[in-house]
Structures are given as C-alpha cells and as structure tokens.
Amino acid sequence: MLDRLQAIADRYEKLSELLCDPDVTSDTKKLREYSKEQSDLQEAYDAYNEYKSVSEQLADAKAMQNEKLDDEMREMVKMEIEELSEQSANLEERLRILMMPKDPNDDKNVIVEIRGAAGGDEAALFAGDLYRMYTRYADSQGWKTEILDASVNDLGGFKEIIFMVTGKGAYSKLKYESGAHRVQRIPVTESGGRIHTSTSTVVVMPEVEEVEVIINDADIRVDTFCSSGAGGQSVNTTKSAVRVTHVPTGIVATCQDGKSQNSNKEQALRVLRARISDKIREEEEAKYSGERKSKVGTGDRSERIRTYNFPQSRVTDHRIGLTLHRLETVLSGDMGEIVSALTIAAQSDALEKGEQAM
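The rules behind each value
Residues numbered from 1 in each chain as written. Predicted model: local features only at pLDDT ≥ 70, side-chain atom pairs only at ≥ 80, totals over all residues. Heavy atoms only, no water. Pairing = 2+ DSSP bridges. Helix = DSSP H or I, 4+ residues; strand = E, 2+ residues; numbered from the N terminus. Axes fitted to C-alpha atoms, helices over the stretch in contact; angles between N-to-C directions. Contact = heavy atoms within 4.5 Å. Phe/Tyr/Trp six-rings, centres within 6.5 Å; stacked < 30°, edge-to-face > 60°. Buried < 20%, exposed > 50% of the residue type's maximum accessible area, 1.4 Å probe, protein only. Lys NZ or Arg CZ within 6 Å of the ring centre and 35° of its normal. Expected span 1.5 Å × (residues − 1). Salt bridge = Lys/Arg side-chain N within 4 Å of Asp/Glu carboxyl O. Patch = residues over 30% accessible without salt bridge, like charges linked within 9 Å, V, L, I, M, F, W, Y side chains within 5 Å. Areas by Shrake-Rupley, 256 points an atom, 1.4 Å probe, with all protein chains shown as cover. Lys, Arg positive; Asp, Glu negative; His and termini not counted. Charge placed at Lys NZ, Arg CZ, Asp CG, Glu CD. Parallel < 35°, antiparallel > 145°, perpendicular 65-115°, else oblique. Left-handed = near helix turned anticlockwise from the far one by under 90°. Nonpolar A, V, L, I, M, F, W, Y, C, P; charged D, E, K, R; others polar. pLDDT = per-residue confidence, 0-100. Core = buried A, V, L, I, M, F, W, Y, C linked by side-chain atoms within 4.5 Å.

Trainee: Tell me about the sheet that holds strand β2 (residues 144–152), and name the residues and values.
Mentor: With mixed pairing, 8 strands are arranged side by side in an open sheet as β2-β3-β1-β5-β4-β9-β10-β11. At either margin of the open sheet sits one strand with a lone partner, and together these are β2 and β11 (322–324). Recorded for the sheet is a direction-independent mean angle of 15° between the axes of neighbouring strands. One ladder, built from 7 bridges, connects strand β1 (residues 110–116) with strand β5 (residues 196–206); its direction is antiparallel. What sits directly across from E113, in β5, is V203. Sitting on the sheet, helix α5 (residues 121–140) touches β1, β2, β3 (158–166), β4 (179–185), β5 and β9 (304–309), and the angle it makes with β4 is about 110°.

If you want it as structure tokens, here you go:
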C-alpha cells in the first residue's frame, strides 16, 4: 500500500510541475485534464503526507525512550507515543479506505424518484417533505436541481416527483437514500389528533450517458398527451407531455414539465436510460443476494431504511442504528451527519470484506 501511495505522491507532484508549464497552461484540454487528475489525487496525497509526518514524529518519540529522562519527561514521552500511535492507526485505516476501488458512478449526477406509498394524501405530503430536504441539501453542496416530472395531489404533496441533481459527487452522497422512508406524525387530514404512520419510497440512480446505454429507435414507443397540473398556458391545450416506453423491457418514462415536446422527450429518455441501467444493476446484484448484505442495506425499494418521528423530533436510520433528535434541521437539508455515517459504514464494511477475502 505504501508503494502505491508513494506513486500517487510522485504523480501529484509531477502534475504540479506540469500545471506550471507554459505549454500546458496554454492548452485548455491538457490543463483541464491534469487539473482533474490532480484533484482526484488530492485527498490521498494529503492523507499520505500526514501519515508520513506522524510516523516520523512517532519514531522520534520512541527514540527518546532510550535516552536518560527524568520521570516527568518520561511520562510526557509515553503520552505522546500513545497519542501518535492512535493517530497513525486512524490514518492507516483512512488510507486503506482511500486505496479501495472507487465506485465509477460516484462523481455522476443523479436522478431521484420519490413516490408517496402507504398513507394516501399524507404519504404524498411526506414525499414533498423529502423532496424539499434533498433540494436544500443539494443547495448546501453547491449542486443544481431540476424537476423532470411531477404529479401533485390536491394538498400540495407529490404522488410522484422525479428530479435531477447535478454536481460533482452527487451520487456518492445520495446513493444510500434508496429505500422506504417512514414518517410518524399527526396528519393535517386527521381531526382526532392520532399519530399515523405513512411511507414514501426513494430511488436514486446515477445519470447514464447515451454511450453507456444505447436505446434503438425501433425499441421505443413514444406517446404524446396534454400536460396536467400546474404549468402555464400550455397545460391541457397542447400535446407537449411525452411518454416513452422501452418495448423490450416494458420500462416507461414520462415527462411533462418541459415547455416543448422535444425537451420533454429528451428528459424522458434520460430517465429511461437511468431506469434501464438500474434494472441491469439490480439483476446483476440479485445473483449474489444470498451473500452477506452490506451494513447500509441493499437499496431494495421495499426496504425500510429510515423513520422520521415528529412527536419525538427523532430521525433514525435503521441500517446503522443512528438516531438524531433534530428532525426539523434534517428535513431542512442538514443531512451531513447522516450521509457521513452511512459512507463510513459502507467503507468499513467493504474494507472488512476485502480483508476477509485476502
């Protein structure tokens, strides 16, 4: 591992030289390519340098033990060695995680689908809460969001909403959100003040490029219809809404939020490609369903992953046993602690599997 890290450090420093080379700075393509490569190496490079620094300090501290020291100084050196040893162990684990193969989808944009499930109008309202939570979290990360399709209920919730999140690392931070989200609260439609339990499902898919999933024109059926719901003067007057069906798989994608039929078709095809890719991935993973599951779950649509309890202001992620008593801030987009905990759990699980396989 140390040899690989040293190779990364050497390459990072070589890239620093190249990025100062006039031949590179005048070549936009090379400048962009080298800048991205160096950015991808940054975290491992910094962690490796920190590890080397701590290792040197630890070696110096251990060497001091052989010197003639008074009792007070000997105790100080002992405490320093314990502290540096802990730092070194933590950095070693971090470096092992950084050296693990990276999910090729991590830097991709994502398509998120939220649907009200059990609970009728209350489930649709909760779907709206989840949509706002994700869009506010996206804002905090500097990402952009765009609604691709939506079906609104009479109370302002969403029977279904599909939206795109665009930004570096979007999939890496949102990929563990797929599953059933449960809410426990008194619905606005409940006159008796009783707490109800409702669910909404979330599906997070990486955006798929045309070259990754090729859809032949002969394999799709395109239907047009009038838009429904809020949307301006064209609603229910022109057939701008588009439904695209992939005949071989039966997968359907609909879009009506664009201003024209062409834009809606383009958006529907983006969703269709993501769904086809997701179906292929699910089928591949199903082959290994008998093996040990990850700590963060399988991403199965029916798997209950999180509960949002309003009376106790509690959010519990059932996969990793994390409970936070600040429901309002989480629903306002403050998801960082949950995202980090899920990422660490997934990395630790993958590291454990890798060590057992060795």
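From this point, the discussion proceeds with the structure in view.
Trainee: Quick rundown of the packing of aromatic side chains? Include the residues and the values.
Mentor: In total, this model carries 5 aromatic pairs according to the counting rule given. Judged by centre distance (5.6 Å) and plane angle (75°), the rings of Y131 and F158 are edge-to-face. Separated by 27 residues along the polypeptide, Y131 in helix α5 and F158 in strand β3 bring together distant segments of the chain. F158 shares its class with Y131; the two are buried. The interplanar angle of 85° and the centroid separation of 5.8 Å between the aromatic rings of Y137 and W143 together place this pair among those described as edge-to-face. One exposure class covers both Y137 and W143, and it is buried. Every member of this aromatic cluster is reached through a ring pair, and the members are Y131, F158 and F163. Over the aromatic face of F310 sits the side chain of R185, whose NZ or CZ is 4.8 Å from the ring centroid.

Trainee: So what's going on with α5? Residues and values would help.
Mentor: Here α5 spans 29 Å end to end across 20 residues, near enough to the 28 Å set by a 1.5 Å rise per residue. Extensive coverage of α5 is indicated by the burial of 15 of its 20 residues. One or two residues past the end of α5 sits G142, with phi positive at roughly 80°.

Trainee: Tell me about the pattern of salt bridges, and name the residues and values.
Mentor: Applying the stated criterion across every chain yields a total of 18 salt bridges. Here R319 makes a salt bridge to D317, at a shortest N to O gap of 2.7 Å. E337 is the salt-bridge partner of R326, the closest N and O atoms lying 3.0 Å from each other. A residue pair is termed long-range when its members are at least 10 positions apart, and R326 in the loop between β11 and α8 (327–331) and E337 in helix α9 (residues 336–357) qualify at 11 residues. Assessed through its relative accessible area of 23%, R326 is described here as partly exposed. In this structure, a network of salt bridges that share partners links the residues E113, R115, E160 and R275.

Trainee: Please give an account of the environment of S340 that cites residues and values.
Mentor: Structurally, S340 can be placed in helix α9. When its relative accessible area of 40% is taken as the criterion, S340 is described as partly exposed. In sequence terms S340 and K173 are 167 residues apart; their C-alpha atoms lie 8.1 Å from each other.

Trainee: Break down a negative patch on the surface for me, with residues and values.
Mentor: On the surface, E56, D60, E80, E83 and E86 cluster together to form a negatively charged patch. Of all elements in the fold, only α3 (28–64) and α4 (71–98) reach the threshold of two or more residues within the negative patch. The greatest single-element share of the negative patch, amounting to 3 residues, is contributed by α4. For E86, the location among the structural elements is in helix α4.

Trainee: I'd like a rundown of the pairing of β5, residues and numbers included.
Mentor: Most of β5 sits out of view: 8 of its 11 residues are buried. Across 7 bridges, the pairing between β4 and β5 is antiparallel. Residue A180 lies in a different strand from β5, and its bridge partner there is T201.

Trainee: I'd love a proper account of the packing of helix α1 (residues 2–18) against α3, names of residues and values included.
Mentor: Where α1 meets α3, the axes come as close as 8 Å, and the angle between the chain directions of the two elements is 130°. As the angle between them shows, α1 and α3 are arranged oblique. In this structure, α1 meets α3 at a crossing whose hand is left-handed. The segment α1 lies against α3, with L2, L5, Q6, I8, A9, R11, Y12, E13, L15, S16 and L18 engaging Y34, E37, Q38, L41, Q42, A44, Y45, Y48, Y51 and K52. Within the contact of α1 with α3, the residues separate by chemical class into 13 nonpolar, 4 polar and 4 charged.

Trainee: An account of the confidence of the model for the protein is needed here, citing residue identities and associated values.
Mentor: Taken as a whole, the protein shows an average pLDDT of 83; of its residues, 86% reach a score of 70 or greater. Counted against residues more than four places away or in other chains, residues 230–237, with its pLDDT under 50, gives 8 contacts.

Trainee: Lay out the nonpolar core in plain terms, naming residues and giving numbers.
Mentor: Across soluble globular proteins, nonpolar side chains have a tendency to be buried as a group. Counting residues in each nonpolar core, the largest one holds 36 residues, and the members touching the most others are I114, Y134, V165 and Y308. Among the secondary structure elements, those contributing two or more residues to this core are β1, α5, β3, α6 (170–174), β5, β11, α8 and α9. Per element, the largest residue contribution to this core is 8 residues, and it comes from α5. In contact with V165, not counting residues within four places along its chain, are N109, V110, V112, A138, W143, K144, T145, A170 and L174. Formed by 25 residues, the second largest nonpolar core is a distinct cluster that contains I8, L18, Y34 and V54.

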